[in-house]
Amino acid sequence: MMENKTENVNEEIRRIQKQQEAKNRIRRRRRRKRLAKRVLLSLLLVCVVTSAILFLYFPLVRKDFRFLPFLKPKAQEIQNYTDRIENPEHSLVLTFADVGEGDSTILYDPKRESALIIDGGTQPYAFHVALCAKKFGNVRDVRLILTHPHSDHAQGLTEIVGKKLLPVIGLYYSAPTSGESGFAPLRMQIAAQGLPMVPLKAGDTLAFGEAVIQIISPKNEPYEDLNNASLALVIEHEGHKILVAGDMEREAESLLCEDESLAQLIRDVDLLRVGHHGSNSSTSYRFLDLTYPKIAVISVGADNPYGHPSENVLSRLADLGRSRSGGITVLRTDEEGDISFVSDPDGIKRIK
């Protein structure tokens, strides 16, 4: 009798143990499912955050999704900027695009709906440069100028041409730099589309709408530093002068100052796009004293590793400004973002 009771008790224990094991298996399966869900949700969150960062901060990625409505510039915003041009028949719009530690200067002729882009920053800024070109109205044709084939000037232009972000009809470039390896990618893209490429040097002249563009540097001769082979140019419009200095350094500046005819072209400009992001190797006292600008624009990236703009350059501009009635207005893309002006018969005025 006792044996039967013992067996019954053992069977009941085994049954309870089996039930407990079954419950434990179910719990383990549920825990694994919950863990898998958490992992998947975490991965999904990481993907969403990464995608958002790419869209917001990397125009190179964003441009490939420009068919999405929320990534398109609003038509009303473009119209509002267009309305800020009071005299489109006789106006030239200049935009110094914020392309980080790089350069891009955009001229826009509202009457002819044409743009001229001088350098395009690095590759990720190409879409931003294209938007800046279309900021003040429709663009029917675009010409490009590459001052010299450093990546912070050339890559954006290469991307604009390769991705057909704008209706490009031709390219101008610094004649002495035609054999530079940094020029090859842009040259290949231009050639693949059968577009004309025109070399420029000091003494050449271009027409852009009512503006006349005088090339003042470089001369077609050997150079030791690619920066000194930069195209530098004076834009003359409605009696105003804008000097875009490329990445010229002191050597190239000195050659300009010593050449009487070229020195006359750069004397007393209304606006100077400061050379080489405000590097101390450029914008010498001699050059500043000759150009004597009313406005100086520095294209520079925030917290860049080169210390641009140099405190020495800022000091030189301040010293010169003290000798001028009203001083010199110094504007920086790292502080202001895109900087735009309109030149018309009444003067050069900033567009905000």
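As shown above, the structure is provided for reference.
Residues numbered from 1 in each chain as written. Predicted model: local features only at pLDDT ≥ 70, side-chain atom pairs only at ≥ 80, totals over all residues. Heavy atoms only, no water.

Considerations on a nonpolar patch on the surface
Threshold: Each patch groups residues whose relative accessible area exceeds 30% and which form no salt bridge, using 9 Å between like charges and 5 Å between nonpolar side chains of Val, Leu, Ile, Met, Phe, Trp and Tyr. For the accessible areas, the method is Shrake-Rupley and the probe is 1.4 Å, while residue cover comes only from the protein chains on display. Any Lys or Arg side-chain nitrogen located within 4 Å of an Asp or Glu carboxyl oxygen qualifies as a salt bridge. Note on conventions: DSSP H or I runs of at least 4 residues are helices, E runs of at least 2 residues are strands, and numbering of each starts at the N terminus.
Taken together, Leu35, Val39, Leu40 and Leu43 make up a surface patch of nonpolar side chains, about 400 Å² in accessible area. Of note, Leu43 is situated in helix α1 (residues 2-57).

Quick notes on the sheet that holds strand β14 (residues 339-344)
What counts is decided by this rule: Each pair of strands is called paired provided DSSP finds at least two bridges between the two strands. Comment: axis = line fitted to C-alpha atoms, over the contacting stretch for helices; angle = value between 0 and 180 degrees taken between N-to-C directions. Whether two residues are in contact is decided by their heavy atoms: any pair within 4.5 Å suffices.
One open sheet accounts for 8 strands, arranged β6-β5-β4-β3-β2-β1-β14-β15; its pairing is mixed. Taken across any chain shown, the strands that pair with only one partner, and hence form the sheet edges, are β6 (197-200) and β15 (347-351). Taking each pair of neighbouring strands and ignoring which way they run, the sheet shows an average axis angle of 20°. Those strands touched by helix α4 (residues 126-133) are β1 (92-96), β2 (105-109) and β3 (114-118), and its axis lies near 30° from that of β2. Here helix α6 (residues 184-192) sits on the sheet in contact with β4 (141-146), β5 (168-174) and β6, set at roughly 140° to β6.

Some thoughts on the side chain of Asp152
In plain terms, the rule: Categorising residues by exposure relies on relative accessible area from a 1.4 Å probe, with only protein chains included: less than 20% of the type maximum marks a residue as buried, more than 50% marks it as exposed, and the intermediate range marks it as partly exposed. In this count, Lys and Arg are taken as positive residues and Asp and Glu as negative ones, while His and the chain termini are left out.
Tracing the sequence through the fold places Asp152 in helix α5 (residues 151-162). Although buried, Asp152 forms no salt bridge, and the nearest oppositely charged side chain, Arg273, lies 8.8 Å from it. Each residue touching Asp152, except ones within four places of it in the same chain, is listed here: Glu101, Gly102, Asp103, Gly121, Thr122 and His277.

Structural notes on the side chain of Arg316
So the rule is basically this: The term polar contact refers here to a pair of N or O atoms within 3.5 Å; inside protein, the definition further demands a hydrogen-donor-capable atom paired with an acceptor-capable atom, and it admits residues adjacent in sequence only when both atoms are side-chain atoms.
If you trace the backbone, Arg316 turns up in helix α10 (residues 311-322). For the buried residue Arg316, which engages in no salt bridge, the nearest side chain bearing the opposite charge is Glu253, 7.2 Å off. Reaching out from Arg316, the side chain makes a polar contact with the side chain of Asn280 at a distance of 3.3 Å. A polar atom in the side chain of Arg316 sits 3.2 Å from the backbone oxygen of Ser282. When near neighbours in sequence (up to four residues on either side) are disregarded, Arg316 contacts Arg250, Asn280, Ser282, Thr283, Ser284, Tyr285 and Leu288.

Concerning α5
For the record, the criterion: Multiplying 1.5 Å by the residue count of a helix minus one yields the expected span of that helix.
In this model α5 runs 15 Å from its N-terminal to its C-terminal C-alpha over 12 residues, within 8% of the 16 Å that 1.5 Å per residue would give. The set of residues buried in α5 consists of Asp152, His153, Ala154, Gly156, Leu157, Thr158, Glu159, Ile160 and Val161. Downstream of α5 by a residue or two, Lys164 has a phi angle that is positive, lying close to 55°.

A look at the pairing of strand β7 (residues 205-208)
Burial along β7 is one-sided: Leu206 and Phe208 are buried, while Thr205 and Ala207, pointing the other way, are not. With 4 bridges joining them, β7 and strand β8 (residues 211-217) adopt antiparallel strand pairing. Bridge assignment links Phe208 to a residue of β8, and that residue is Ala211. Where β7 hands over to β8, the hairpin turn is made up of 2 residues, of which Gly209 adopts a positive phi near 60°.

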